[in-house]
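Each chain is listed here by its residues.
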Amino acid sequence: LDEPLPCYILSPIAAPAGRTAQLVAKYRPPMPILTLVVPRLVSDTLKWKLEGRHNARQCLLTRGLLPMLATPQPQGDAVLGEAISAANRMGIVKPNNHVVAVQRIHEDFCVKIVSVDAMGAGIKRAINLGEYKML
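1. Observations regarding the overall build of the protein chain
1) Next: Along the backbone of the protein chain there are three helices and seven strands.
2) Next: Sequence separation of at least 24 residues holds for 56% of the intrachain contacts in the protein chain that already meet a minimum separation of 6.
3) Next: When the accessible surface of the protein chain is totalled, it reaches about 9300 Å², and 57% of it is carbon and sulfur.

2. Let's talk about a nonpolar patch on the surface
1) Next: Side chains of Leu41, Trp48 and Leu50 sit close together on the surface and give an oily, nonpolar patch of about 390 Å² of accessible area.
2) Next: With respect to the helices, strands and loops of the structure, Leu50 is situated in strand β4 (residues 48–51).
3) Next: On the accessibility criterion, Leu50 (52% relative accessible area) is exposed.

3. Description of the confidence of the model for the protein chain
1) Next: When pLDDT is averaged across the protein chain, the result is 76; 76% of the residues are at 70 or more.
2) Next: Of all helices and strands in the protein chain, the one with the weakest mean pLDDT is strand β1 (residues 7–10) (62), whereas strand β5 (residues 65–69) scores best (85).

4. Brief notes about the nonpolar core
1) Next: By size, the foremost hydrophobic cluster in this structure holds 18 residues, and its most contacted members are Leu36, Met68, Leu80, Ile84, Val93 and Val114.
2) Next: Secondary structure elements with two or more residues in this core: β2 (33–37), α3 (76–90) and β6 (98–105).
3) Next: The next biggest cluster of nonpolar side chains, apart from the first, holds six residues, and it includes Ala21, Ala25, Ile33 and Leu65.

5. Quick word on the environment of Asn88
1) Next: Mapped onto the elements of the fold, Asn88 is located in helix α3.
2) Next: Of the residues examined, Asn88 reaches a relative accessible area of 22% and is grouped as partly exposed.
3) Next: Asn88 sits 28 residues away from Val116 along the chain, and the two C-alpha atoms are 9.0 Å apart.
4) Next: Apart from the residues within four sequence positions on either side, Asn88 is in contact with Val93, Lys94, Pro95, Met119, Gly120 and Ala121.

So, how was this worked out
Residues numbered from 1 in each chain as written. Predicted model: local features only at pLDDT ≥ 70, side-chain atom pairs only at ≥ 80, totals over all residues. Heavy atoms only, no water. Helix = DSSP H or I, 4+ residues; strand = E, 2+ residues; numbered from the N terminus. Contact = heavy atoms within 4.5 Å. Areas by Shrake-Rupley, 256 points an atom, 1.4 Å probe, with all protein chains shown as cover. Patch = residues over 30% accessible without salt bridge, like charges linked within 9 Å, V, L, I, M, F, W, Y side chains within 5 Å. Salt bridge = Lys/Arg side-chain N within 4 Å of Asp/Glu carboxyl O. Buried < 20%, exposed > 50% of the residue type's maximum accessible area, 1.4 Å probe, protein only. pLDDT = per-residue confidence, 0-100. Core = buried A, V, L, I, M, F, W, Y, C linked by side-chain atoms within 4.5 Å.

So this is what it looks like as structure tokens:
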């Protein structure tokens with residue numbers, strides 16, 4: 001059984017405090033948990049600032065979490081693809097591995113199981129084979 005274990009990649013866009021990651025880490029899975037913290041642009045009356053580094057540092061206090069700051073992007077799959085390529089560079093995932101992504105959207109949890117592409121650069125996309133007939 002030399003096949004590497006899948007990697008949990010968490011994308012807590014709706015819960016920037018890392019609560020989703022802590023709930024998964026509570027059960028101590030045998031694979032690493034890469035926690036994405038997407039910074040938010042916040043304004044007081046005089047200036048703008050990007051919040052998120054503090055939340056990423058606090059994720060270091062929970063056992064098994066590897067926090068990573070992600071760039072804010074409009075599509076969630078783009079953030080997930082960026083996380084997979086970063087995990088590949090760190091050696092957490094390898095090409096053709098399966099990744100379990102847990103994301104909290106408003107009050108609901110969304111679980112995705114995706115495959116890493118052959119280059120290890122992102123999510124493997126389905127290829128449209130056109131029409132085929134059932135036998």
